[in-house]
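Residue-level listing of the chains:
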Amino acid sequence: MPPAIEFRGVTKQYGRRSSGEGVTALADVSFEVEAGEVCGFLGPNGAGKTTCINTLMGFLFADSGEVAVLGYPPGDVRAKRQIGFVPENFAFHPFLTAPKLLRFHAALAGLDDTVAANRIPELIAKAQLCGHEDLRIGKYSRGMVQRLGIAQALLDDPQLLVLDEPTSGLDPAGRRDVREILLSLKSQGKTVFLSTHILSELEQFADRVIIVDRGRLIREGPLAELLDRGGRVAIFVDSVPEEMETILSGRGAVIERGAQGVRVLVDPVLKREAVERLWAAGCDVVSMYPVRSSLEDLFLTLVSDAEKSQ
Amino acid sequence: MRIRAIALLTFSGFLRNKLMILFLTLFAVVVLLMMTPLMVFRAQAGAPGMPHAESMVLGLIGSIMSLLSGFGSLLAAWAAADAVWADIRSGTILAVLARPIRRWEFLLGKFLGVQLLMAAYVLMMLALSYLLAAIGGERIHPAPWLLIVYPLVRYALYSGLAMLLATVMHPVVSFAIMLVIMVAELIVAPASRAPYLPAWLKAGLYAALPSPELLSEARFLTITEASLKQTSPLHHLTVLGYGLDWALVFFLLAAWLFSRRSLAP
């Protein structure tokens, strides 16, 4: 089975390349998303996320490199039959109502009229637009449009969902609804490729994370692995003598003094050494537990490191 | 099914377009204003010294319809230039082209949507020409199909060219180029009396540009039934084939260029 999404050495520049005035949107980007994975696609504004998504959807053409979606080139009708897509800044024909828009998309998707007639009310209910069926989309709030966008992406039960900032413009309740939809898709074994800024939510259901910055891929891998890699071990002790604090700080430990005692954060490879030193120095080791860094911490660290290295 | 859905949505979008509503209002005002001389003429028709009533009424109707037909060419060019661009500008094209549809199918849907609009316009013109003839107390000699098919083919040609230009440039620039082409066609037509152009240039441009004169339905309005009979079916076939050929070439070129362009807003 081919990967759901495959980027190999993809480069894309905007503007005049010959005069050197071009802006590099993607620089030799390579990654894969396996079928059935929920993959978070992260990066600061202007990192190249939307360019990447537009390239995989066939809206833009890469200057070099190879892209495959479900084993087909971008824009291939055979791949598009299995894709549900929510673009960034979702836009629809404002004079249509939600049922008419969904009927239009059902016709484009080649859905049978009977299937569409059953599916549309179901999706309107899922998007919580019941009671607004006669309202033109031009009168919808941003959140309503966003929910309708997700509903149209689910119209023909796609195998791959490509979502570019699907939760932007949604209130916390709306974001929770989207999260539930994504969790249900994950349980059905669908592949989801999702660009978002809401990292805390992504952490709850993503299998894999790809982080880009300034058009370059700076980290990719299974989320659990990435978070573990950035994690530390916390050793809770009653007190730490000053000379021991100097030694541990020299080994990269972070000492946090509190009313209940002292928390020593060390790299997992140094945990045994730190515990033995503390014990030998007469400190009472109360507990020891792993501390996973959050996706947000990891993201900010990686982006900051990437900025420094450039 | 997909192409039809896009064509119908495009047509439906045009009917809600503010610029279109303004255009049709202007159309109605112009028509009302032009009815006045016809009514005056009819009032004087019985008076002595008015022997050529039929040719004068038909001539007047021909002038009105020529003007409206010219308006139609502008409308076809603007609608085609804006049809795809508006979707790219608003971003609606992304959700549409994410569906299992090829780019040329999308463009064909847009093109047919423009043709639906122009068909509605042609039917309005046809109804108007019969109304004007009734007001003038005369009858229209040519068969209705002539007054429908000729302008439709001409509008298909103009919309194809405008769509081709709009795939590579801004629609306003495309529309401006279309205006220049239309004016150039009038200047280089054999009937034109533009003395400031050298004959070789006129002949060259006449050969290179599509001829709206050939595809004009208004010329049939001013001639009598006897003259009409002299126009053979082969002539109609050749002229209409000529127009459709241009339209097809423009559309195919537009589809080829559109398949290679970026769709990011």
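Nothing here was measured: the structure is a model prediction, and the numbers come from that model.

Student: How do you make sense of the overall build of chain A when you look at a structure like this?
Tutor: The helix and strand tally for chain A stands at eleven helices and 13 strands. Taken across its 310 residues, chain A has 40% of its residues classed as buried. Partitioning the contacts of chain A with sequence separation of at least 6, the portion at a separation of at least 24 is 69%.

Student: Help me out: how do you make sense of the interface of chain A and chain B in this one?
Tutor: The accessible area lost on association of the parts is a frequent measure of interface size. With 23 residues of chain A in contact, the opposing surface of chain B contributes 21 residues. For the side of chain A that touches chain B, the per-class residue count stands at 15 nonpolar, six polar and two charged.

Student: I tried to follow the pairing of strand S3 (residues 38–42) of chain A on my own but got confused; where do I start?
Tutor: Along a regular strand, successive side chains alternate from one face of the sheet to the other. Residue and element names in this part refer to chain A. Counted residue by residue, S3 has five buried out of five residues, so it is predominantly covered. Judged by which residues are buried, S3 turns out to be covered on both faces: Val38, Gly40 and Leu42 on one side and Cys39 and Phe41 on the other are all buried. Bridge count between S3 and strand S7 (residues 191–195): four bridges; the pairing is parallel. When the sheet's bridge partners are listed, Val38 is paired in S7 with Val192. Here four bridges tie S3 to strand S8 (residues 208–213), and the two strands are oriented parallel to one another. Residue pairing across strands places Cys39 opposite Arg208, the latter belonging to S8.

Student: Help me understand the sheet that holds strand S2 (residues 23–33) of chain A in this model?
Tutor: Residues and elements named next belong to chain A. Pairing is antiparallel in the open sheet, where three strands are placed in the order S2-S1-S4. Edge positions in the sheet fall to S2 and strand S4 (64–69), since each of these pairs with one other strand and no more. On average, adjacent strands in this sheet sit at an angle of 25° to one another, irrespective of strand direction. In the sheet, strand S1 (residues 5–14) pairs with S4 via five bridges, with the strands oriented antiparallel. Considered in S4, the bridge of Ile5 is made with Val69.

Student: Would you mind showing me how to read the packing of helix H3 (residues 98–109) of chain A against helix H4 (residues 113–126) of chain A here?
Tutor: Residue and element names in this part refer to chain A. At a minimum axis distance of 10 Å, the contact between H3 and H4 shows a crossing angle of 135°. When the axes of H3 and H4 are compared, the pair comes out oblique. Handedness of the H3/H4 crossing: right-handed. Here Ala98, Pro99, Leu102, Arg103 and Ala106 of H3 come into contact with H4, specifically with Ala116, Ile120, Leu123 and Ile124. Partitioned by chemical class, the residues of the contact of H3 with H4 number eight nonpolar, no polar and one charged.

Student: What should I look at first to understand the sheet that holds strand S12 (residues 261–266) of chain A in this one?
Tutor: By definition, the strands of a sheet pair up through backbone hydrogen bonds, in either a parallel or an antiparallel sense. Residues and elements named next belong to chain A. Ordered by their spatial adjacency, four strands build an open sheet running S11-S12-S10-S13, and the pairing between neighbours is antiparallel. Looking at strand neighbours, the two that pair on one side only are strand S11 (254–258) and strand S13 (285–291), the edges of this open sheet. For this sheet, the mean inter-axis angle between neighbouring strands, taken without regard to orientation, is 20°. Judged from the five bridges that link them, S11 and S12 form a sheet pairing that is antiparallel. Residue pairing for S12: Gly258 is matched across the bridge by Gly261.

Student: Even after reading the chapter, I still don't get the confidence of the model for chain B, so can you show me in this structure?
Tutor: Caution applies to low-pLDDT parts of the model: their predicted coordinates are not meant to be read in detail. Residues and elements named next belong to chain B. For chain B, per-residue confidence averages 82 on the pLDDT scale, and 86% of positions sit at 70 or higher. Helix H1 (residues 2–15) holds the highest mean pLDDT among the elements of chain B, 91, whereas helix H10 (residues 225–229) holds the lowest, 57. Scored by ipTM, the complex comes to 0.81, with pTM at 0.82.

Student: Explanation requested: unusual backbone geometry in the structure shown.
Tutor: Glycine aside, residues mostly have negative phi, and peptide bonds are mostly found in the trans state. Residue and element names in this part refer to chain A. A positive phi angle, close to 55°, is found at Leu70, a residue other than glycine. Residue position: Leu70 is located in the loop between S4 and helix H2 (77–80). Even without a glycine there, the phi angle at Asp157 is positive, about 50°. Secondary-structure assignment places Asp157 in the loop between helix H5 (142–153) and strand S6 (160–164). A tally of 13 C-beta atoms within 10 Å means that Asp157 is categorised as partly exposed.

Student: Even after reading the chapter, I still don't get the packing of H3(A) against H5(A), so can you show me in this structure?
Tutor: Geometry of a packed helix pair, given as the angle between the helix axes and the separation of the axes. Residues and elements named next belong to chain A. Running from N to C, H3 and H5 cross one another at 30°; their axes reach a closest spacing of 10 Å. It follows from the interaxial angle that H3 and H5 lie roughly parallel. For the pair H3 and H5, the crossing hand works out as right-handed. In contact with Ala98, Leu101, Leu102 and His105 of H3, H5 contributes Leu148, Ala151 and Gln152. Class assignment of the residues belonging to the contact of H3 with H5 gives a composition of five nonpolar, two polar and no charged.

Student: Would you mind showing me how to read the nonpolar core here?
Tutor: Generally speaking, soluble globular proteins have nonpolar side chains that are buried together. Of all hydrophobic cores here, the largest spans 136 residues; its most connected members are A:Val162, B:Ala80 and B:Ala162. A per-element tally of this core places helix H3 (residues 53–90) of chain B first, with 15 residues. Discounting chain neighbours no more than four positions away, the residues touching B:Ala80 are B:Val114, B:Ser159, B:Ala162, B:Met163 and B:Ala166. Core analysis: the second largest hydrophobic core is formed by twelve residues, A:Ile235, A:Val237, A:Leu248 and A:Ala274 among them.

Student: Explanation requested: the pairing of S6(A) in the structure shown.
Tutor: Residue and element names in this part refer to chain A. Here S6 lies mainly inside the structure; five of its five residues are buried. Burial along S6 is two-sided: Leu160, Val162 and Asp164 facing one way and Leu161 and Leu163 facing the other are all buried. Here strand S5 (residues 83–86) pairs with S6 via four bridges, running parallel. When the bridges of S6 are listed, Ile83 appears paired with Leu160. In this sheet, S7 lies alongside S6 in parallel orientation, the contact comprising five bridges. Counted as the bridge partner of Asp164 is Ser195 from S7. This β-α-β element, S6 to helix H6 (residues 172–187) to S7, shows right-handed connectivity.

Criteria and thresholds
Residues numbered from 1 in each chain as written. Chains lettered and ligands numbered in written order. Predicted model: local features only at pLDDT ≥ 70, side-chain atom pairs only at ≥ 80, totals over all residues. Helix = DSSP H or I, 4+ residues; strand = E, 2+ residues; numbered from the N terminus. Buried ≥ 20, exposed ≤ 12 C-beta atoms within 10 Å, placed from the backbone. Contact = placed C-beta atoms within 7 Å. Nonpolar A, V, L, I, M, F, W, Y, C, P; charged D, E, K, R; others polar. Pairing = 2+ DSSP bridges. Axes fitted to C-alpha atoms, helices over the stretch in contact; angles between N-to-C directions. Parallel < 35°, antiparallel > 145°, perpendicular 65-115°, else oblique. Left-handed = near helix turned anticlockwise from the far one by under 90°. pLDDT = per-residue confidence, 0-100. Core = buried A, V, L, I, M, F, W, Y, C linked by C-beta atoms within 7 Å. Right-handed = clockwise from strand over helix to strand, strands pointing away.

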